[in-house]
Amino acid sequence: MRFTLNGKPVELKVAPMRRLLDVLREDCGLTGTKEGCGEGECGACTVLLDGAPVNSCLVPVAQAEGTKVTTIEGLRGHTKLQQAFVTEGGAQCGICTPGFLLAASTLPRAASLEAVKQGLAGNLCRCTGYAGIYRSVAVARGGARAAPKPKPAARAKATPRAKTKPKARSAAARRSR
Amino acid sequence: MKTAFSTLALLRPERPDEALALLRDGPLTPIAGGTDLYVALNAGLCPSRRFVDLSRLKAWRGIAATKDGGLRIGALTTFAQIRDDKRVARALPALCAAAREIGGVQIQNRATVGGNLANASPAADSAPVLLAADAELELASTAGVRRVPLGEFFVAYRHTALRADELIQAVLIPPQPGPSFFRKVGTRAANAISKVVFAGVRAARPRIALGSVGPVPLRAKRAEAALAAGADLESAVDALQQDIAPIDDLRSTAEYRRFVAAGLLRQFWQQTGGRRPAPSRRR
Ligand SMILES: Cc1cc2nc3c(=O)[nH]c(=O)nc-3n(C[C@H](O)[C@H](O)[C@H](O)COP(=O)(O)OP(=O)(O)OC[C@H]3O[C@@H](n4cnc5c(N)ncnc54)[C@H](O)[C@@H]3O)c2cc1C
Ligand code: FES
Ligand code: FES
């Protein structure tokens, strides 16, 4: 079977009912796509199928035939978004991050906070409490922060990096305008 | 244990007649968006080994206006398509509202209306809306197409009127006599299976349907009759309690479901009461 993977044509001999998730990770060597729950709940396995986010743990690879598949390795043109996840605390352990980035990359530019939340409701994160993620999306669009940034003082003791963080954050925010 | 996916067979017809012929010679399990089937396969709970993929049947995907002023929605139409469709928003806004709350976008992009109904979960969110809309299904086999009112489709817990050689081809929605209402109560909008799902169409003979309050999605016939006869709202709420038979399960309790169902009936009646229901266009 053939499909386009991150802009390049691929041809594979695979059993049709294998999960797209497994074929991407095991046959294509693209391990950026994660398995969280294997039940469609968490969105860690999100890829874009012809531009639309889907859970690759629920897709038989045969249904990808003739489509354009985009994984986190192939996400292009969203540097600001990726950068904001770094500077705004959008990622902690990182297992949910590829899925969030792909889902967020498809949100309309003018989406309100409510629309951003709706658009990302199929992605779960156990670390950030979501505030950092919504803030990352907002900052990447050059908009106001969706949620107040955590007070550096409160975190300074726990993580030494916290002291330098606010500066990095505002620099990134300025760049993205 | 997870199913061994490499051992499963998949046939991929391009046209409905090919799919129906394959099914006649079955046994085969149809797969549309896979959002229910793959959850079962991932959990090792689907015994089928041979599948037929419906995703290439383009003729069965899409929304069209019918001559009588209603809508025909192909079984393979996704909830993302329904959610964004202007005709659905005009004809039956409650269906758009339901589509918006079926899983997150990843699910909406894949989940089909045919799969939602065929799966016959008592919690299927499109079912109460389509029941309240008096929708009918087109069931196709090599023998032809039969039309079945949705109210006769859900036979018993997870059992439908669909024969093993049949597929749902389309959902037919007649013109609606008044405003529609949808409300789902769960722990969270996306990804949460409903504790109670309620849909209604306001008219001289109001139509009310609920999910997750019995073995199948159901019409609240007694409550409807009470309201049609001009009874006051609280009498209809009492009647509703006889229409439903909720149970305690891991998502909620029977008592809470009865309480919520009552609240939703009041909300439906109050929110749709402002305007006089539009006169039915048929008749
Ligand atoms: C994380 C998650 C969240 C969800 N949230 C919701 C929710 O909020 N509300 C809700 O109602 N559902 C929800 N679902 C369930 C599911 O997404 C829906 O029921 C969906 O509409 C099923 O459609 P599908 O095309 O994916 O079906 P499939 O999985 O492809 O098929 C489901 C069943 O229907 C049969 N079938 C499919 N199409 C046809 C046809 N045309 N004719 C005959 N038989 C057919 C299949 O053989 C199978 O038995 C959720 C699922 C997941 C994984
Ligand atoms: S692994 Fe696919 S949604 Fe969780
Ligand atoms: S960063 Fe750990 S799950 Fe989201």
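Our structure is the block above this text.
Residues numbered from 1 in each chain as written. Chains lettered and ligands numbered in written order. Predicted model: local features only at pLDDT ≥ 70, side-chain atom pairs only at ≥ 80, totals over all residues. Heavy atoms only, no water.

Engineer: Would you take a moment to explain the interface of chain A and chain B for this structure?
Structural biologist: Accessible area lost upon the coming together of the parts is a frequently used measure of interface size. Between chain A and chain B, the contact holds 31 residues from the first and 30 residues from the second. When chain A packs against chain B, close to 2300 Å² is buried across both sides, 54% of that on carbon and sulfur atoms. Its largest share of buried area at the contact with chain B, chain A owes to A:Met17, A:Leu58 and A:Gln63, together 32% of the area lost on that side. Here chain A and chain B share 2 salt bridges between them. Where A:Glu65 meets B:Arg12, a salt bridge forms, and the shortest distance between an N and an O atom there is 3.3 Å. Along the contact surface separating chain A from chain B lie 13 residue pairs in polar contact (both at pLDDT 80 or more). (Contact = heavy atoms within 4.5 Å. Buried area = accessible area lost by both parts, 1.4 Å probe. Salt bridge = Lys/Arg side-chain N within 4 Å of Asp/Glu carboxyl O. Polar contact = N/O pair within 3.5 Å; in protein donor to acceptor, adjacent residues only side chain to side chain.)

Engineer: Looking at this model, I keep getting lost on the packing of helix α2 (residues 79–87) of chain A against helix α3 (residues 97–105) of chain A. Mind explaining?
Structural biologist: The geometry of a pair of packed helices is captured by two quantities: the angle between their axes and the separation between those axes. All names here are of chain A. Axis separation between α2 and α3 bottoms out at 10 Å; the angle between their running directions is 135°. Relative to α3, the element α2 is oriented oblique. Like other packed secondary-structure pairs, α2 and α3 cross with a definite hand, here right-handed. On the side of α2, the interface is formed by Leu81, Gln82 and Phe85, while α3 contributes Thr97, Phe100, Leu101, Ala104 and Ser105. Counted by class, the contact of α2 with α3 contains 5 nonpolar, 3 polar and no charged residues. (Axes fitted to C-alpha atoms, helices over the stretch in contact; angles between N-to-C directions. Helix = DSSP H or I, 4+ residues; strand = E, 2+ residues; numbered from the N terminus. Parallel < 35°, antiparallel > 145°, perpendicular 65-115°, else oblique. Left-handed = near helix turned anticlockwise from the far one by under 90°. Nonpolar A, V, L, I, M, F, W, Y, C, P; charged D, E, K, R; others polar.)

Engineer: Looking at this structure, how should I read the pairing of strand β13 (residues 207–211) of chain B?
Structural biologist: Residues and elements named next belong to chain B. In terms of residue burial, β13 counts as a mostly covered element, since 5 of its 5 residues are buried. Residues Arg207, Ala209 and Gly211 point to one face of β13 and Ile208 and Leu210 to the other, with burial holding for every one of them. Between strand β12 (residues 196–201) and β13, which pair antiparallel one after the other, the connecting turn spans 5 residues. Here 2 bridges tie β13 to strand β14 (residues 218–219), and the two strands are oriented antiparallel to one another. Within β14, the residue paired with Ala209 across the bridge is Arg219. The hairpin formed by β13 and β14 contains 6 residues between the paired strands, and Ser212 there has a positive phi angle of roughly 70°. (Buried < 20%, exposed > 50% of the residue type's maximum accessible area, 1.4 Å probe, protein only. Pairing = 2+ DSSP bridges.)

Engineer: What am I meant to see in the site of ligand 1 here?
Structural biologist: In the neighbourhood of ligand 1, 37 residues make up the surrounding shell, with B:Pro30, B:Thr35, B:Asp36, B:Thr112 and B:Asp125 lying closest. Flanking ligand 1 are residues from chains A and B. Within the contact set of ligand 1, an oxygen atom lies 3.4 Å away from a backbone nitrogen or oxygen of B:Glu101. A distance of 3.3 Å separates an oxygen atom of ligand 1 from a polar atom in the backbone of B:Gly103. With 4 residues, the top contributor of residues to the shell around ligand 1 is helix α7 (residues 113–118) of chain B. (Near = heavy atom within 4 Å.)

Engineer: Quick question: what am I supposed to make of the environment of B:Arg49 here?
Structural biologist: All names here are of chain B. As for its position among the elements, Arg49 is in the loop between α2 (37–42) and β3 (50–53). Excluding residues that lie within four positions of it along the chain, Arg49 makes contacts with Thr3, Leu8 and Ala9. A polar side-chain atom of Arg49 sits 3.4 Å from the main-chain carbonyl oxygen of Pro47.

Engineer: Looking at this structure, how should I read the sheet that holds β14(B)?
Structural biologist: Residues and elements named next belong to chain B. Taken in spatial order, the 4 strands line up as β11-β12-β13-β14 in an open sheet, and their pairing is antiparallel. Two strands bound the open sheet, and with one partner strand each, they are β11 (180–185) and β14. Docked against the sheet, helix α11 (residues 254–271) engages β11, β12 and β13, running at close to 25° with respect to β12.

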